[in-house]
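Understanding the architecture of this molecule
Below, each chain spelled out in residue letters.
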Amino acid sequence: MKKLLIVESSSFAGLNTSILNEYSSRRSFLHMTVGRTVGGLVSAAGTEFVNPHRAMAQTTLSPDVALQELMDGNKRFTAERPTAYEHDLAILRQHTIEKQEPFAAVLSCADSRVPVELVFDQTIGHIFVTRIAGNIATSEIIASLEYGAGVLGAKVILVMGHGGCGAIKATIQAKEVPGQISALYPHIQPAVDQTGSNLEPAIKANAKIQATLLRQASTVISGLVKENKLKVAAAYYDISTGIVTLLV
Ligand SMILES: [Zn+2]
């Protein structure tokens, strides 16, 4: 099997970084070709044409396309056909030393069963992730997401609740908890008030409430949303299937 890669430079090593970055090449492929002088066509061991869709020109994506990219990544994850591992991590690290241009931001729970990059089949530099128990929009989280969208240019913010969320469960039960854990409760209470003691509806309501809060409490985020430069959406992650569903 062959991998054909059309390049526009006489030397692979001379390619500028953005061109090089466009190729989701396998580590072995790059190790084999970097530094080798090539003509207009490189042929090497591999299985397919490189896919220009995987280009890292993230800041040019529209909010809808950015959201679709996340959902497509989740489809690859649930189909157990992830591609993120094909990226060369050494090159990605190298290209993200000076800057980052994540195409999306995610506000997720800290729960260990919600590994955000894996769930969306993404790798270094692609998504700006904030995690906190109950995926709540505290002022520090809002500040972080303002940075992700307003400064780094993420085109979508996805607030993602998940099945069996312990933070929501504890809020419903108003459990006595040690230390400062109960500081989470007031943020989650509005969802519990809305849905009663039903866990799954409360989890979904909470994700929607936090997304609304982000849209309304942050002038940076609301401004970008008004200009159609950013989308804020809510989603639910099913920990048993791995499927992310958008909530409307
Ligand atoms: Zn949780």
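Structure shown above.
This report concerns the structure included in the present document. All values reported here derive from a predicted model rather than from experimental measurement. Starting from 1, residues in each chain are numbered consecutively following that chain's sequence as written. Two thresholds apply to this predicted model, a pLDDT of at least 70 for residue-level local features and 80 or more for giving and counting side-chain atom pairs, whereas whole-chain, interface and lining totals are computed over all residues. Values reported for side chains reflect all heavy atoms of the structure, with hydrogen atoms and water molecules removed beforehand.

With respect to the overall build of the chain
A helix here means a DSSP run of H or I that spans at least four residues, while a strand means a run of E at least two residues long, and both kinds are numbered starting from the N terminus. Along its length, the chain carries 10 helices and seven strands. Per-residue burial over the chain gives 46% buried out of 248 residues. In the form shown here, the chain has an accessible surface area of approximately 12,300 Å², with 56% of it arising from carbon and sulfur atoms. Buried, partly exposed and exposed residues are distinguished by accessible area as a fraction of the type maximum, computed with a 1.4 Å probe on protein chains only: under 20%, between the cut-offs, and over 50%, respectively. Surface exposure here means Shrake-Rupley accessible area, sampled with a 1.4 Å probe, where a residue is shielded only by the protein chains that are shown.

Describing the coordination of the zinc ion
Think of the donor list as every N, O and S atom within 2.8 Å of the metal, or within 3.2 Å for Na, K and Ca; water never makes the list, so a site can look incomplete. Taken together, C109 (SG), H162 (NE2) and C165 (SG) make up the full set of protein donors to the zinc ion, lying 2.0 to 2.3 Å away. For the zinc ion, the donor residues sit on a single chain with the sequence spacing C-x52-H-x2-C. Taken together, the residues C109 in the loop between β3 (104-108) and α5 (116-119) and H162 in strand β5 (residues 156-162) connect sequence positions 53 residues apart. Overall, C109 belongs to the buried group, its relative accessible area being 5%.

Remarks on the pattern of salt bridges
We define a salt bridge as a contact between a side-chain nitrogen of Lys or Arg and a carboxyl oxygen of Asp or Glu at a distance within 4 Å. All told, the structure shown has five salt bridges when counted by the stated rule. Of the charged contacts, one joins E101 and K99 as a salt bridge, the two residues approaching to 3.7 Å between their closest N and O atoms. A residue is classified by how much of its surface remains accessible, and K99, at 48% relative accessible area, is partly exposed. Here R113 ties to D111 by a salt bridge, and the two come within 2.7 Å at their closest N and O atoms.

Describing the nonpolar core
Nonpolar cores were defined as sets of buried Ala, Val, Leu, Ile, Met, Phe, Trp, Tyr and Cys residues, with membership established by side-chain atoms within 4.5 Å. Core analysis: the biggest nonpolar cluster contains 33 residues, and L145, I157 and L214 have the highest contact counts within it. Among the secondary structure elements, those contributing two or more residues to this core are β3, α6 (139-151), β5, α7 (166-173), α8 (185-195), α9 (199-217), α10 (219-226) and β6 (231-237). The element best represented in this core is α9, accounting for five residues. Contacts are assigned to residue pairs that have any heavy atoms within 4.5 Å of one another. Among residues more than four places away in sequence, those in contact with L145 are A105, L107, F128, T130, G150, I157, L214 and I221. If you look at the next biggest cluster of nonpolar residues, it comprises 19 residues, including M71, V114, V116 and V119.

Looking at the environment of G153
Looking at the element boundaries, G153 is found in the loop between α6 and β5. Sequence-distant contacts of G153, that is, excluding residues within four places in its chain, are made with P102 and G148.

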